[in-house]
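Next come the chains, spelled out residue by residue.
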Amino acid sequence: IGGIKFNIIAAVNLVMAVGLAVDYTLHFIHAFMSTPPELSRDDRMVLAMKGIGRPIALGVFTTFLGTLPMAASSSTIFRTFFAMLVSTVVYGMAVGLVLLPVLLASIPLPPAAHLSEKNESTSFDSRGISGAEVGAHFGSTSEVEFATVPS
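Please read these numbers as outputs of a predicted model, since none were measured by experiment.

Considerations on a nonpolar patch on the surface
On the surface, Phe6, Leu14, Val18, Val22, Leu26 and Ile29 cluster together to form a nonpolar patch covering roughly 550 Å² of accessible area. Among the structural elements, Phe6 can be located in the segment before helix H1 (8-33).

Quick look at the packing of helix H2 (residues 41-71) against helix H3 (residues 76-106)
Direction vectors running N to C along H2 and H3 enclose 175 degrees, while the axes themselves pass 10 Å from each other. In terms of orientation, H2 and H3 fall into the roughly antiparallel class. The class makeup of the residues in the contact of H2 with H3 is 20 nonpolar, 4 polar and 3 charged.

Some thoughts on the packing of aromatic side chains
In this description, a pair of aromatic rings is defined by centroid distance and the angle of the planes. Enumeration over the complete set of coordinates arrives at 1 aromatic pair. Judged by centre distance (6.4 Å) and plane angle (45 degrees), the ring pair of Phe64 and Phe82 falls under tilted. Highlighted residues: Phe64 in helix H2 and Phe82 in helix H3, separated in sequence by 18 residues. Accessibility expressed as a relative area gives 17% for Phe82, which makes it buried. Just above the ring of Phe32 sits the side chain of Arg44; from NZ or CZ to the centre is 4.5 Å.

A few points about the side chain of Thr88
When you line up the elements, Thr88 lands in helix H3. Since its relative accessible area comes to 12%, Thr88 is described here as buried. A distance of 2.8 Å separates a polar side-chain atom of Thr88 from the backbone oxygen of Met84.

Rules behind the numbers
Residues numbered from 1 in each chain as written. Predicted model: local features only at pLDDT ≥ 70, side-chain atom pairs only at ≥ 80, totals over all residues. Heavy atoms only, no water. Patch = residues over 30% accessible without salt bridge, like charges linked within 9 Å, V, L, I, M, F, W, Y side chains within 5 Å. Areas by Shrake-Rupley, 256 points an atom, 1.4 Å probe, with all protein chains shown as cover. Salt bridge = Lys/Arg side-chain N within 4 Å of Asp/Glu carboxyl O. Helix = DSSP H or I, 4+ residues; strand = E, 2+ residues; numbered from the N terminus. Axes fitted to C-alpha atoms, helices over the stretch in contact; angles between N-to-C directions. Parallel < 35°, antiparallel > 145°, perpendicular 65-115°, else oblique. Nonpolar A, V, L, I, M, F, W, Y, C, P; charged D, E, K, R; others polar. Phe/Tyr/Trp six-rings, centres within 6.5 Å; stacked < 30°, edge-to-face > 60°. Buried < 20%, exposed > 50% of the residue type's maximum accessible area, 1.4 Å probe, protein only. Lys NZ or Arg CZ within 6 Å of the ring centre and 35° of its normal. Polar contact = N/O pair within 3.5 Å; in protein donor to acceptor, adjacent residues only side chain to side chain.

As structure tokens, then:
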């Protein structure tokens, strides 16, 4: 891309690029899987796009805006970062906001059990440890409830 040679600068940028691309796709997948499973796949995709599409697009825009001053730099390092980040952001946005919604609306997926309301009897923390396991570990007879942030 743009005549960039693979070196340490490109390697560091590649690691950042993978993180950004995964970020865009996982946010959309999570939004899609969090929608009610009784809706059609198309309705779930539209609902997910309404909920997370704008924040993803704004993230893409601010990342681009933040790297824009590097385009005018005479430094090879800054120009390399700019070229790679812009291409990553554009490709990541295309996958996260164009390709992925089409795939999720086309491919039948089972509902995410950990996100369904039917599974409220067991609460989990961020490490996947249930409240019952924590209560048993500390000698409590009741299940420990973890605080959840409403979405």
